[in-house]
Amino acid sequence: MQKPIIAISSCLLGQRVRYDGEIKSFADITQHLQQYFDLLPVCPEVEIGLGVPRPAVQLTGNPSHPRMTGRDNPEIDVTTAMRVYCATKPQQLTNICGYVFKSKSPSCGLKNIPVFNNGIVIDDNQRGLFAQRITELWPKLPVCDETDLLTAQSRQQFIERVLAYRKLLNP
Ligand code: SF4
């Protein structure tokens, strides 16, 4: 039987997509997951046309409907591009059985993402815009970030959640 497909933030696979142009390896996690799943890389920021390297972005404004603007240059505003991406990209992901997000990202972060107003954190418990969209759209989809996969036990639990979800989709 074909392995289940899970989406994964491209930078976790060591792809050169990060804002700072650096490559960070999470090979121990991704090689483990590859034994069980086909990994589908997704990088929202590159896919909306931002370059590598690029100016860092952050969430700003109203925490319930944040904007995505430049961390060092507030005149950079990619909110509309990211919202359009969030509305359309999931159509390409309808066959995924899980998603491993990169932590601490205003696009991909699953938890504790700060929202700034005039340089001050006014909320530190939001999700990145794309992670928010995916979890709203598919609330039962198994999701985690790389910090949730540091132990053999936590990896096994995630693998079992993904396999159970696939069974739910294909009884
Ligand atoms: S965290 Fe998300 S948007 Fe940022 S580089 Fe990784 S995949 Fe791309």
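In the block above lies the structure referred to throughout.
The structure presented is a predicted model; accordingly, all values stated were derived computationally and were not measured.

(A) Layout of the overall build of the protein. When helices and strands are counted, the protein shows five helices and eight strands. Seen in sequence order, the protein has helices and strands lined up from the N terminus as β-α-β-α-β-β-α-β-β-β-α-β-α. With the C-alpha coordinates aligned to their principal axes, the bounding extent of the protein is approximately 50 × 30 × 25 Å. The contacts of the protein with a sequence gap of at least 6 include a subset with a gap of at least 24, amounting to 61%.

(B) Examining the sheet that holds strand β3 (residues 57-60) more closely. Ordered in space as β4-β3-β6-β7, the four strands form an open sheet in which the pairing is mixed. Edge positions in the sheet fall to β4 (67-70) and β7 (120-126), since each has one partner strand and no second. Between one strand axis and the next, the sheet turns through 50° on average, direction left out of account. Relative to β7, strand β6 (residues 113-117) is paired through four bridges, and the arrangement is antiparallel. Counted as the bridge partner of Asn117 is Ile120 from β7.

(C) Broad picture of unusual backbone geometry. Of note, the amide linkage connecting Val52 to Pro53 takes the cis form, showing an omega dihedral of -5°. When you line up the elements, Pro53 lands in the loop between α2 (44-47) and β3. In this model, Lys104 sits at a positive phi of 65°, which is unusual for a non-glycine residue. Relative to the assigned elements, Lys104 resides in the loop between β5 (96-101) and β6. The phi dihedral of Asn112 is positive, around 60°, even though this residue is not glycine. Structurally, Asn112 is set in the loop between β5 and β6.

(D) Structural context of the sheet that holds strand β1 (residues 5-9). Pairing in this open sheet of four strands is parallel, and the strands run β2-β1-β5-β8 from one edge to the other. Each having just a single partner strand, β2 (38-42) and β8 (143-145) make up the two edges of the open sheet. Averaged over all adjacent pairs, the angle separating strand axes in this sheet is 25°, with direction ignored. Of the pairings in the sheet, the one linking β1 to β5 comprises three bridges and is parallel in character. Counterpart to Ile5 in the pairing with β5 is Ile96.

(E) Geometry of helix α4 (residues 129-137). Of all the positions in α4, only Leu129, Phe130, Ala131, Arg133 and Ile134 are classed as buried. The inward-facing, buried residues of α4 abut α2, β4, α3 (79-88) and β5.

(F) Looking closely at the site of the ligand. The full set close to the ligand counts 13 residues, and Cys11, Cys43, Lys102, Ser105 and Cys108 are the nearest of them. The element best represented in the shell around the ligand is α2, accounting for three residues. Split by residue class, the shell around the ligand holds six nonpolar, four polar and three charged.

(G) Seen up close, the nonpolar core. Grouped together as the largest cluster of nonpolar side chains are 40 residues, with contacts concentrated most on Ile6, Tyr99, Val100 and Phe101. The set of elements that each furnish at least two residues to this core consists of β1, β3, α3, β5, β6, α4, β8 and α5 (152-169). By residue number, the principal contributor to this core is β5, which donates five residues. Leaving out residues up to four positions away in the same chain, Tyr99 has contacts with Ile6, Ala7, Ile134, Leu141 and Val143.

(H) Broad picture of the environment of Val17. Structurally, Val17 is set in the loop between β1 and α1 (27-34). The sequence separation of Val17 and Ala164 amounts to 147 residues, and the corresponding C-alpha distance is 31 Å. Each residue touching Val17, except ones within four places of it in the same chain, is listed here: Ser10, Cys11, Cys43, Val46 and Val52.

Rules behind the numbers
Here, residues in each chain are numbered from 1, in the same order as that chain's written sequence. Reporting of local features is limited, given that this is a predicted model, to residues whose pLDDT is at least 70; pairs of side-chain atoms are given and counted only at 80 or more, and all residues count toward the totals for whole chains, interfaces and linings. The secondary structure listing takes helices from DSSP runs of H or I that are at least 4 residues long and strands from runs of E that are at least 2 residues long, numbered from the N terminus. Each residue gets a C-beta atom placed from its backbone, and two residues are in contact if those atoms lie within 7 Å. Between any two strands, pairing holds if DSSP finds at least two bridges. Lines fitted to C-alpha atoms define the axes, with helix axes restricted to the stretch in contact, and inter-axis angles between N-to-C directions lie between 0 and 180 degrees. Residues are called buried when their C-beta atom has 20 or more other C-beta atoms within 10 Å, exposed when it has 12 or fewer, and partly exposed otherwise; all C-beta atoms are positioned from the backbone. All residues are tested the same way: a C-beta atom is placed from the backbone, and lying within 6 Å of a molecule or strand makes the residue near it. Polar here means any residue other than Ala, Val, Leu, Ile, Met, Phe, Trp, Tyr, Cys and Pro, which are nonpolar, and Asp, Glu, Lys and Arg, which are charged; Gly is therefore polar. For this analysis, nonpolar core means a set of buried Ala, Val, Leu, Ile, Met, Phe, Trp, Tyr and Cys residues linked through C-beta atoms within 7 Å.

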